[in-house]
Amino acid sequence: MTLKESTLDASRAAFDQVVDSGAGFSKRIARGQVLRIVDLEGYQAVDTLFYDAHEPSERYSAVDTIREQGNVYLTTGTRLFSTEGNVLLTIVADTCGRHDTLGGACAAESNQVRYALEKKYMHACRDTFLLQCACHTRDLTKKDITANVNFFMNVPVTPEGKLTFEDGVSGPGRYVEMRAERDVRVLISNCPQLNNPCNGYNPTPVRVLIWDAH
Ligand SMILES: [Zn+2]
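Here's what I pulled together on the structure shown here. (Residues numbered from 1 in each chain as written. Predicted model: local features only at pLDDT ≥ 70, side-chain atom pairs only at ≥ 80, totals over all residues. Heavy atoms only, no water.)

**Notes on the sheet that holds strand β5 (residues 79-81)**
Judged by pairing direction, the sheet is antiparallel, and its six strands sit side by side in the order β1-β10-β3-β8-β6-β5 without closing on themselves. Two strands close off the open sheet at either side, each with one partner strand: β1 (15-19) and β5. In this sheet, adjacent strand axes meet at a mean angle of 20° when their direction is disregarded. Of the strand pairs in this sheet, strand β3 (residues 34-39) and strand β8 (residues 174-180) are connected by six bridges, and their pairing is antiparallel. Within β8, the position partnered with R36 by the bridge is E177. (Pairing = 2+ DSSP bridges. Helix = DSSP H or I, 4+ residues; strand = E, 2+ residues; numbered from the N terminus. Axes fitted to C-alpha atoms, helices over the stretch in contact; angles between N-to-C directions.)

**Side note on the sheet that holds strand β2 (residues 24-29)**
Judged by pairing direction, the sheet is antiparallel, and its four strands sit side by side in the order β2-β9-β4-β7 without closing on themselves. Both outer strands of the open sheet, β2 and β7 (149-151), are each paired with one neighbouring strand and no more. For this sheet, the mean angle separating the axes of adjacent strands, direction not counted, is 25°. By the bridge criterion, seven bridges tie strand β4 (residues 46-52) to strand β9 (residues 184-190) in an arrangement that is antiparallel.

**Some thoughts on the nonpolar core**
In this structure, L35, I37, F50, Y60, L89, F151 and M178 are the most contacted members of the largest nonpolar core, which totals 28 residues. Core analysis: the next-biggest nonpolar cluster, separate from the first, contains eight residues, C106, C125, V155 and C198 among them. (Core = buried A, V, L, I, M, F, W, Y, C linked by side-chain atoms within 4.5 Å. Buried < 20%, exposed > 50% of the residue type's maximum accessible area, 1.4 Å probe, protein only.)

**Concerning the coordination of the zinc ion**
Bound to the zinc ion on the protein side are C106 (SG), C125 (SG) and C191 (SG), at distances that span 2.2 to 2.3 Å. Between the donor residues of the zinc ion, the gaps in sequence give the motif C-x18-C-x65-C. Placement of C106 in the loop between β6 (87-94) and α2 (108-114) and of C191 in the loop between β9 and β10 (206-211) is noted, with a sequence separation of 85 residues between them. (Donors = N, O, S within 2.8 Å, 3.2 Å for Na, K, Ca; no water.)

**Thoughts on the packing of aromatic side chains**
Across all of its chains, the model carries one aromatic pair by this definition. When the ring of F15 is compared with that of F25, the centres are 5.8 Å apart and the planes differ by 50°; the resulting orientation is tilted. Taken together, the residues F15 in strand β1 and F25 in strand β2 connect sequence positions 10 residues apart. Positioned above the aromatic ring of Y73, the side-chain terminus of R98 is 4.0 Å from the ring centre. (Phe/Tyr/Trp six-rings, centres within 6.5 Å; stacked < 30°, edge-to-face > 60°. Lys NZ or Arg CZ within 6 Å of the ring centre and 35° of its normal.)

**Digging into the environment of R174**
Of note, R174 is situated in strand β8. Along the sequence, R174 and L40 sit 134 residues apart, while their C-alpha atoms lie 7.2 Å from each other. With residues up to four places along the chain from it excluded, the contact list for R174 reads I37, V38, D39, T95, C96, F152 and V169. (Contact = heavy atoms within 4.5 Å.)

Here it is as structure tokens:
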């Protein structure tokens, strides 16, 4: 866990938008720009995918990212690797300290298995990702929705190697910030999940800011 505050001033951001709880977001980020995601009220999982903006078949790779840094958690200094071994973004500031890339995104099918049959029809991150692909991109389809980052989500690995979904380690106003090392597209699903502690059983909005290269 490496806590680091940013020196960037929110009033100088080139882009600033609140993403409501359960909503999606998609944007192209140019090389050198800095993306910040703020957990406005705390304990909110932000499911996120990254793609090379010019060649979307090259996308974020959880397994390459974990192997290259020799650690399963993401924090300051983590380089987010692509499926082709290139660095898409680098985490340059982090006031939460730990982010997950093992737990995956919630889906209608997994909600049904984990919680109850009638939960199948609740909105899920996979639905949000698919909507973002359909409405805001020309080249991404459901085959491109793969292992993602869950910013602010706490999925510790036990000494026996088990995965557990635990209460969040984030809090109101904590943020993570990353610099784009290539032109990338980001897809966000601000998780609508009500049934497990990843959102404190109460999904809340997040804020997305982008600064131009400096
Ligand atoms: Zn979710």
